[in-house]
Amino acid sequence: MLVVVPAYNEAAAIAGVVADVRRNAPFADLLVVDDGSRDETAATARAAGAMVAKLPFNLGVGGAMRTGFRYAARNGYDAVVQVDGDGQHDAAYIPVLLNGLATSDVVIGARFAGSGDYVVRGPRQWAMQVLAQVMTWILGVRLNDSTSGFRAAGPAAIRVYAQHYPAEYLGDTLETLVIAHKAGLTVSQVPVAMLPRLGGHPSRGILGSTIDLARACVVVVLGLVRDWSLAPDGAQ
């Protein structure tokens, strides 16, 4: 099993994230994908004991995760768990996500499904609720949190995502669910709690997040009409 941590300028938090994963999932390999950071994220992660893939440019979470999934596919991993580099994802829930893979190809760690006290308010909250309802309708399964990046993928999903993983902002959450649906993968959610950031700053403010969530509706529509056919094994 592989834990992939996409990280951009998270030198203040990444050592704590690595330690949290090691403590709660000692059985897992850990790959930090440094997404073109301008600080010491890569060196700090390596010193903490993680494998590190360093991208030359900032590609966003989607680009970093695509790197992680291709690494997982080429090295025969049967599960990938995404954990953000800011320390907000509680690694204690990694076994819970993995247990969900017994019946689903993709398992989302849902922040609004009854565990913990994580809240968002105002326009951002309304947009996230609308998107969750839209994705529930598309996938035919109840989703409380379609934009959570804390999730697990099983063998079939790894094969799909190694070839098709969007790099656009929020494509790594919403569009990946559309891709899963069109590829015939099953999706479910488990409730998780969130932690305070260990360091750094959020990549988007409330206004920016709201605008991007609105744009995400277009991303979902485009995802539904695109062809996500898989290339033969070994061709990417």
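Residues numbered from 1 in each chain as written. Predicted model: local features only at pLDDT ≥ 70, side-chain atom pairs only at ≥ 80, totals over all residues. Heavy atoms only, no water.

Novice: Account for the side chain of Thr 176, naming residues and giving values.
Specialist: The residue Thr 176 is located in helix H7 (residues 171-182) in this model. Those residues within four positions of Thr 176 in sequence are excluded, and the remaining contacts are Arg 151, Tyr 161, Tyr 165, Pro 166 and Gly 171. (Helix = DSSP H or I, 4+ residues; strand = E, 2+ residues; numbered from the N terminus. Contact = heavy atoms within 4.5 Å.)

Novice: Help me get a handle on the nonpolar core, residues and values and all.
Specialist: Membership of the largest hydrophobic core comes to 31 residues, with the highest contact counts inside it found for Phe 69, Met 135, Tyr 161 and Val 187. Within the residue set of this core, elements represented by two or more residues are strand E1 (2-7), strand E2 (29-35), helix H3 (60-74), strand E5 (106-110), helix H5 (122-139), helix H6 (155-163) and H7. Sorting elements by how many residues they give to this core places H7 first, with 5 residues. (Core = buried A, V, L, I, M, F, W, Y, C linked by side-chain atoms within 4.5 Å. Buried < 20%, exposed > 50% of the residue type's maximum accessible area, 1.4 Å probe, protein only.)

Novice: Could you give me a rundown of empty space enclosed by the protein, with the residues and numbers involved?
Specialist: Counted under the stated rule, the structure contains 1 cavity of 30 Å³ or more. Size it by volume and the largest cavity reaches roughly 70 Å³. Around the largest cavity, the lining residues are Met 65, Phe 69, Val 80, Gln 82, Val 106, Arg 151, Ala 152, Ala 153, Tyr 161, Tyr 165 and Thr 176. Going through the elements one at a time, H3, strand E4 (80-82) and strand E6 (151-153) are the ones with two or more residues in the lining of the largest cavity. Top element by residues in the lining of the largest cavity is E6. It accounts for 3 residues. Grouping the amino acids of the lining of the largest cavity by side-chain chemistry returns 8 nonpolar, 2 polar and 1 charged. (1 Å grid on protein atoms, 1.4 Å probe; cavity = no way out; pocket = protein on both sides within 12 Å on 5 of 7 lines; lining within 4 Å. Points joined across faces, edges and corners; volume = space filled by probe spheres on them. Nonpolar A, V, L, I, M, F, W, Y, C, P; charged D, E, K, R; others polar.)

Novice: A description of the packing of aromatic side chains should follow, citing residues and the corresponding values.
Specialist: Under the defined criterion, the tally for this structure stands at 4 aromatic pairs. Aromatic side chains Phe 69 and Tyr 165 sit 5.3 Å apart centroid to centroid with 35 degrees between the ring planes, which places their arrangement in the tilted category. Remark: Tyr 165 occurs in the loop between H6 and H7 and Phe 69 occurs in helix H3; sequence separation between them is 96 residues. Accessibility expressed as a relative area gives 5% for Phe 69, which makes it buried. Through a chain of ring-to-ring contacts, the aromatic side chains of Phe 69, Tyr 161 and Tyr 165 assemble into a single cluster. (Phe/Tyr/Trp six-rings, centres within 6.5 Å; stacked < 30°, edge-to-face > 60°.)

Novice: Describe the packing of H3 against H6, with residues and values.
Specialist: For the pair H3 and H6, the least separation of the axes is 8 Å and the interaxial angle reads 125 degrees. Between H3 and H6, the angle falls in the class oblique. Of the two possible hands of crossing, H3 and H6 adopt the one that is left-handed. Together, Phe 69, Arg 70, Ala 72 and Ala 73 of H3 and Ile 158, Tyr 161, Ala 162 and Gln 163 of H6 make up the contact between the two elements. Among the residues making up the contact of H3 with H6, the classes are represented as 6 nonpolar, 1 polar and 1 charged. (Axes fitted to C-alpha atoms, helices over the stretch in contact; angles between N-to-C directions. Parallel < 35°, antiparallel > 145°, perpendicular 65-115°, else oblique. Left-handed = near helix turned anticlockwise from the far one by under 90°.)

Novice: How would you sum up the sheet that holds strand E7 (residues 187-191)? Please name residues and give values.
Specialist: What the 7 strands build is an open sheet, ordered E3-E2-E1-E4-E6-E5-E7; its pairing is mixed. Of all strands in the sheet, those bounded by a partner on one side alone are strand E3 (51-55) and E7. Strand-to-strand, the axes of this sheet are offset by a mean angle of 20 degrees, without reference to chain direction. Sheet strands in contact with helix H1 (residues 14-24) are E1 and E2, and its direction is about 160 degrees off that of E2. (Pairing = 2+ DSSP bridges.)

Novice: So, the pattern of salt bridges: which residues are in play, and what are the values?
Specialist: Summed over the entire model, instances satisfying the criterion amount to 2 salt bridges. For the salt bridge of Arg 23 with Asp 20, the shortest nitrogen-to-oxygen distance reads 3.0 Å. Of this pair, Arg 23 and Asp 20 are both found in helix H1, 3 residues apart, which corresponds to roughly one turn of the helix. Look at Arg 23 and you get exposed, because its relative accessible area is 58%. As a salt-bridge pair, Asp 34 and Lys 54 come within 3.0 Å of each other at their nearest N and O atoms. Linking Asp 34 in strand E2 with Lys 54 in strand E3, this pair joins segments that are 20 residues apart in sequence. Residue class for Asp 34 comes out buried when judged on its relative accessible area of 0%. (Salt bridge = Lys/Arg side-chain N within 4 Å of Asp/Glu carboxyl O.)

Novice: Describe in detail unusual backbone geometry, supporting the description with residues and values.
Specialist: Although it is not a glycine, Asn 9 sits at a positive phi angle of roughly 55 degrees. With respect to the helices and strands, Asn 9 occurs in the loop between E1 and H1.

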